[in-house]
Amino acid sequence: MSVKIFSTEVLTSADTNTYLANSGLVYVGQVTAGSGVATLSLNNVFSATYNAYRVVVSGGTTNGTISCTTQLIDSGGTAVATGYYEVFLYSTYASSGVSTANSSNIASFLRGVNSIGTGYSMTGVFDLLNPFTAEPTHYYNSVSPIGGNAGLSMGYQSSASSYTGLKLTTTGTMTNTLLTVYGYRKG
């Protein structure tokens with residue numbers, strides 16, 4: 001859909017409804033963690049409707065300083081536990097300089113969602129590109145904080161497979177955390 005430029009005409013309700021409904025990020029699905037859970041899955045959110053997705057993890061509380069891994073879920077509902085590649089560029093809050101970490105052919109994406117301590121919420125925002133198409137799925141994320149570090153992580157899941165959902169697994173437990181997926185509207 002092309003972008004309409006409004007100038008001096010009267011903005012009709014049809015224009016308002018059409019152009020507001022066709023804007024940027026579109027809500028696709030959400031799930032809320034129960035009490036004291038270590039995994040959170042959201043199935044059937046990736047489709048041919050969108051090529052790129054924004055994943056937002058927020059709210060609730062945790063039982064400590066915990067981190068979270070992410071796996072893609074195939075159309076059969078199985079979390080894929082191999083073929084993830086990731087690079088992490090980071091710096092500590094207390095010093096200057098950039099460090100790196102990398103992982104090759106591991107069981108999940110390692111970074112992106114974390115909590116800074118007991119009673120705090122799980123937080124994280126990352127993008128997934130092409131999870132539904134039969135090609136490698138790319139992952140992009142900014143990370144803050146993890147163990148006093150902030151940085152950028154990026155990587156891909158190497159299988160040329162179609163995925164329909166994702167699964168988060170924490171090193172501790174979370175309560176009432178929200179996992180929300182938005183699609184980036186095409187055109």
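Up top you'll find the structure we're talking about.
Report on the accompanying structure. (Residues numbered from 1 in each chain as written. Predicted model: local features only at pLDDT ≥ 70, side-chain atom pairs only at ≥ 80, totals over all residues. Heavy atoms only, no water.)

Right, let's talk about the packing of aromatic side chains for a bit. Scanning the entire structure with this criterion turns up eight aromatic pairs. A centroid spacing of 4.2 Å and a plane angle of 10° characterise the contact between Phe-109 and Tyr-139, whose relative ring orientation is stacked. Residue Phe-109 is found in strand β8 (residues 109-114), and its partner Tyr-139 is found in strand β10 (residues 137-146); the two are separated by 30 residues along the sequence. For the pair shown, Phe-109 and Tyr-139 are each scored as buried. (Phe/Tyr/Trp six-rings, centres within 6.5 Å; stacked < 30°, edge-to-face > 60°. Helix = DSSP H or I, 4+ residues; strand = E, 2+ residues; numbered from the N terminus. Buried < 20%, exposed > 50% of the residue type's maximum accessible area, 1.4 Å probe, protein only.)

Taken as a whole, this structure holds two salt bridges when the rule is applied. Put simply, Arg-111 and Glu-86 hold a salt bridge, and the shortest N to O gap is 2.8 Å. Of this pair, Arg-111 sits in strand β8 while Glu-86 sits in strand β6 (residues 84-92), placing them 25 residues apart in sequence. (Salt bridge = Lys/Arg side-chain N within 4 Å of Asp/Glu carboxyl O.)

Here we come to the pairing of strand β5 (residues 67-74). Here three bridges tie β5 to β8, and the two strands are oriented antiparallel to one another. Paired with Ser-67 across the strands is Asn-114, a residue of β8. Here β5 pairs with strand β12 (residues 163-175) via seven bridges, running antiparallel. The residue of β12 that forms the bridge with Gln-71 is Lys-167. (Pairing = 2+ DSSP bridges.)

The subject of this paragraph is the nonpolar core. In terms of nonpolar packing, the biggest core is built from 27 residues, with Phe-46, Leu-128, Leu-166, Leu-179 and Val-181 touching the most fellow members. Looking at this core, the elements that each hand over two or more residues are β2 (37-42), β3 (52-58), β5, β8, β9 (124-129), β12 and β13 (178-184). Ranked by the residues each element gives to this core, the list is headed by β12, at four residues. (Core = buried A, V, L, I, M, F, W, Y, C linked by side-chain atoms within 4.5 Å.)

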